[in-house]
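Per-entry structural report
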Amino acid sequence: MNSTAHPRLLTGLLSTSRIRLNVSAPSKKRMLEELARLLSHNRPDLHRDTVFQVLNERERLGSTGIGDGIALPHGRLNGLTEPLAAVIRLRQALDFDSVDDRPIQLIVGLLVPANATEQHLNILASLAETFNNTEQREAIFRARDAQTLFALLT
Amino acid sequence: MKIIILGAGQVGISTAEILAKEDNDITLVDNVASQVEGLQDRLDIRTIVGSASHPSVLEQAGGPDADLILAVTDQDEVNMAACQVAYTLFRTPKKIARIRSVEYLTHREIFSDDSIPVDVIISPEQLITQHVLHLIEYPGALQVVDFAGGKIKLVGLKAYHGGPLVGRELRTIREDLPTVEARVAAIYRHDRPIIPEGDTIIEPNDEVFIVAAAPHIPIVMSEFCAVEAPGQNIMLVGAGKIGLQLARTLEQNNYQVKLVEHGAERARQVAEQLDATIVLRGDAADEDLMLQENIDGMDVFCSLTNDDEANILSAMLAKRLGAHRAMALINRSAYVDLIESSVLDVAISPSLITVGSLLTHVRRGDTIAVHSLRRGAAEAIETIAHGDATSSSVVGRRIEDISLPSGTRVGALLRNQEVIIPHHDTVIEAEDHVILFVIDKKHIRDVERLFQVKVTFV
């Protein structure tokens, strides 16, 4: 693992409680539901159904599957003041209309405030760039537990 | 998309067939085993026998995974209950229900997430009424469909000898109509599509599809066929839900309507519900009755009973007896192919009309309207372009620089509520409504992809 390459993108946005490995989601809908559940976990200000709706609506405008088995579902959420991330790794790859038509296994979900700043919006572009790095990607796919994954992304 | 269709009637089956071909995962549910028998293999879908609104049946049909549920059983109440169950148990994101009863349709406030969670209501009767009304308003049209809430229309028509543009190059339309902007989206000659170019010469019998701002449609149509004023005298046959609703709409628009109904009781009932319409009890196949009611003075004859054969035959008879234009409601798609453009002027296919409006909700991207054209072979869609030059493949680009699939043309744009008939160098802006004509439905997937935003769009 090349530790100098990792940009600590999700520092402050992610916690180990919002990382789940070995998730079973047989459909896009259930994966997004699980992601919404994780994102709203311990956050009484966030409603799971609303988070799901936001992620699902964004997905309708164009798949967030960026290829190489990775998707970055995201959305703007009213009332949110700071961006928030969650990570899911699936037990079984899932068809997600990705740009390369390959099924996805690693999902990084991101919520940004409704009036997101340029800085917030750049998180996505940087994430996509990070995953473009084969070593980074493989380390994340290989990570054995949430702590390891957390360390890789923050 | 994972889609559950409830009710294997005409609309349920044709929708399942179309959606399965488009790479969706379809489960069709009906409570009568014989209704779904054999469909599994023929259409490549999953079928389940059971009561459409029962939680166990919806669970078995894949409720927890479904993106969309389409409730088109023949009972409004079952359709509503199924949406309610799906929402409560599975939080199904999109729930579409067919609702026929005017009792429910006139109280839209009952349909919301905290009462009856139906996101989209489909009323085939209203769709068909609207469809036929358009055909009456635009004589000579084979099909008229609305975009941008009616501001933009697409018209299909047959070019005739005597139309000023017939026999001339398409580009010369500017000489005739210098102040009117219109776009020929497609031409079909002997059933084969031709990509319209400026030097394409319009021939008689060409089927032409034109896009223009609604007020310009009549004058543009008059370039292709002899000018006709919309006729005032309409004869309808069959006082079912569609016949009644159409008669009511027509009389409100000051048409002179005669409505022929076979059943005495029904004829009496509808006569009470209509004001200016003359309700006649009788048989549309009765030549004497037709002559007595001045069939040769009718601008439009339209047969709307639930019997395809009777509709076709009475419309043929009306045509022979001198009715100016004859249309028939035809459910069986094989008949639609056979009849239209040969013996009758227009075949009205309820399932094609309904399916088009359903497709709107299945398409990826921000699709506003979908209309099936040419018996489902072609499609016209209205979709919103989002994003910017980096996150979209269309925004910020000139139309000529967008890699549209072959046979796909941009017909019109709606920008800030204003209609734009685009040229090759028109640049698409974010939030433009783009009206596209897709000659071959197999390219729909590519069109969807083209308009989808990339991952960086937030």
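Anyway, here's the lowdown on the structure attached to this text. (Residues numbered from 1 in each chain as written. Chains lettered and ligands numbered in written order. Predicted model: local features only at pLDDT ≥ 70, side-chain atom pairs only at ≥ 80, totals over all residues. Heavy atoms only, no water.)

From N to C terminus, chain A includes 5 helices and 6 strands. In chain A, the succession of helices and strands from N to C terminus is β-α-α-β-β-β-β-β-α-α-α. The C-alpha radius of gyration computed for chain A amounts to 14 Å, which stays within 12% of the reference 15 Å derived for 154 residues, consistent with globular compactness. Overall, the C-alpha framework of chain A stretches about 40 × 30 × 25 Å when taken along its three principal axes. Burial analysis of chain A (154 residues in total) assigns 52% to the buried set. A fraction of 70% describes how many contacts in chain A between residues 6 or more apart in sequence connect residues 24 or more apart. For chain A, the accessible surface area stands at approximately 7,200 Å², while carbon and sulfur atoms represent 43% of it. Averaging the coordinates of the 18 positive side-chain charges in chain A and doing the same for the 17 negative ones gives two points 6 Å apart. (Helix = DSSP H or I, 4+ residues; strand = E, 2+ residues; numbered from the N terminus. Rg over C-alpha atoms; globule rule 2.2 N^0.38 Å. Buried < 20%, exposed > 50% of the residue type's maximum accessible area, 1.4 Å probe, protein only. Contact = heavy atoms within 4.5 Å. Areas by Shrake-Rupley, 256 points an atom, 1.4 Å probe, with all protein chains shown as cover. Lys, Arg positive; Asp, Glu negative; His and termini not counted. Charge placed at Lys NZ, Arg CZ, Asp CG, Glu CD.)

Another point: the sheet that holds strand β19 (residues 378-384) of chain B. Remark on secondary structure: sheet strands pair via backbone hydrogen bonds, oriented parallel or antiparallel. Residues and elements named next belong to chain B. Strand order across the open sheet formed by 5 strands is β18-β19-β22-β20-β21, with antiparallel pairing between neighbours. Edge positions in the sheet fall to β18 (367-373) and β21 (418-420), since each has one partner strand and no second. Going across the sheet, the axis of each strand differs from the next one's by a mean of 20 degrees, ignoring polarity. Lying over the sheet, helix α15 (residues 350-359) contacts β18 and β19, oriented at roughly 155 degrees with respect to β18. Seen against the sheet, helix α16 (residues 444-451) touches β19, β20 (408-415) and β22 (433-438) and runs at an angle of roughly 160 degrees to β22. (Pairing = 2+ DSSP bridges. Axes fitted to C-alpha atoms, helices over the stretch in contact; angles between N-to-C directions.)

To continue, consider the sheet that holds strand β12 (residues 233-237) of chain B. Residue and element names in this part refer to chain B. Spatial strand order, β14-β13-β12-β15-β16-β17: 6 strands in an open sheet with parallel pairing. Both outer strands of the open sheet, β14 (278-281) and β17 (346-348), are each paired with one neighbouring strand and no more. For this sheet, the mean angle separating the axes of adjacent strands, direction not counted, is 20 degrees. Examined bridge by bridge, strand β16 (residues 325-329) and β17 share 3 bridges and lie parallel to one another. Paired with Met 327 across the strands is Val 346, a residue of β17. Against the sheet, helix α11 (residues 264-273) engages β13 (256-261) and β14, with an angle of about 170 degrees to β14.

Moving on to the interface of chain A and chain B. Across the contact, 26 residues belong to chain A and 25 residues belong to chain B. Interface area for chain A against chain B, summed over the two sides, is near 2,000 Å², with a carbon-plus-sulfur share of 50%. Ranking the residues of chain A by area buried against chain B places Lys 29, Arg 60 and Leu 61 of chain A at the top, with a combined share of 33%. At the junction of chain A and chain B, the tally comes to 6 salt bridges. Between Asp 101 of chain A and Arg 449 of chain B there is a salt bridge, with its nearest N and O atoms 3.2 Å apart. Linking chain A with chain B are 16 residue pairs in polar contact (both at pLDDT 80 or more), by the criterion used here. (Buried area = accessible area lost by both parts, 1.4 Å probe. Salt bridge = Lys/Arg side-chain N within 4 Å of Asp/Glu carboxyl O. Polar contact = N/O pair within 3.5 Å; in protein donor to acceptor, adjacent residues only side chain to side chain.)

This part takes up the pairing of strand β2 (residues 25-30) of chain B. Residues and elements named next belong to chain B. Counting buried residues in β2 gives 5 out of 6 residues, a clear majority hidden from the surface. Bridge analysis of strand β1 (residues 2-6) against β2 gives 5 bridges, and the strand direction is parallel. Note that in β2 the partner of Leu 6 across the bridge is Val 29. For the crossover that starts at β1, traverses helix α1 (residues 10-21) and ends in the parallel β2, the hand is right-handed. Where β2 and strand β3 (residues 46-49) come together, 4 bridges link them in parallel fashion. Paired with Val 29 across the strands is Ile 48, a residue of β3. (Right-handed = clockwise from strand over helix to strand, strands pointing away.)

In this section: the environment of Ile 116 of chain B. Residue and element names in this part refer to chain B. Structurally, Ile 116 can be placed in the loop between α6 (102-105) and β6 (120-122). Residues Ile 116 and Val 85, spaced 31 residues apart in sequence, show a C-alpha to C-alpha distance of 9.7 Å. If we ignore the near neighbours within four places in the chain, the residues touching Ile 116 are Met 80, Gln 84, Ile 110 and Phe 111.

The subject of this paragraph is unusual backbone geometry. All names here are of chain B. Even without glycine at this site, Arg 91 takes up a positive phi of about 50 degrees. A positive phi angle, near 45 degrees, is found at His 190, a position not held by glycine. Of note, His 190 is situated in the loop between β9 (182-189) and β10 (192-194). For His 190, a relative accessible area of 74% corresponds to the exposed category.

The next subject is the pattern of salt bridges. In the structure shown here, the tally under the stated rule is 43 salt bridges over all chains. Between Glu 379 of chain B and Arg 363 of chain B there is a salt bridge, and its shortest N-O distance comes to 2.6 Å. Taken together, the positions of Glu 379 of chain B in strand β19 and Arg 363 of chain B in the loop between α15 and β18 put the pair 16 residues apart, joining distant regions of the chain. Residue classification places Glu 379 of chain B among the buried positions, given a relative accessible area of 0%. Each member of the salt-bridge network shares a partner with another, and the members are Asp 97 of chain A together with Glu 22, Asp 23, Arg 363, Arg 364, Glu 379, Lys 441, Arg 445 and Glu 448 of chain B.

Below, the discussion takes up the packing of α1 of chain B against α15 of chain B. All names here are of chain B. Between α1 and α15, whose axes approach to 10 Å, the crossing angle comes to 55 degrees. When the axis of α1 is compared with that of α15, the two are oblique. Read as a crossing pair, α1 and α15 show a hand that is right-handed. Residues Gln 10, Val 11, Ser 14, Thr 15, Ile 18 and Leu 19 of α1 form the contact with α15, whose own contacting residues are Ser 351, Thr 354, Val 355, Leu 358 and Leu 359. For the contact of α1 with α15, the residue count by class is 6 nonpolar, 5 polar and no charged. (Parallel < 35°, antiparallel > 145°, perpendicular 65-115°, else oblique. Left-handed = near helix turned anticlockwise from the far one by under 90°. Nonpolar A, V, L, I, M, F, W, Y, C, P; charged D, E, K, R; others polar.)

All names here are of chain B. With respect to the helices and strands, the residue Arg 189 is situated in strand β9. Exposure remark for Arg 189: the relative accessible area of 18% places this residue in the buried category. A polar contact of 2.8 Å, which involves the side chain of Arg 189, links it to the side chain of Asp 206. Aside from chain neighbours lying at most four places away, what touches Arg 189 is Ile 194, Thr 200, Ile 201, Ile 202, Glu 203 and Asp 206.

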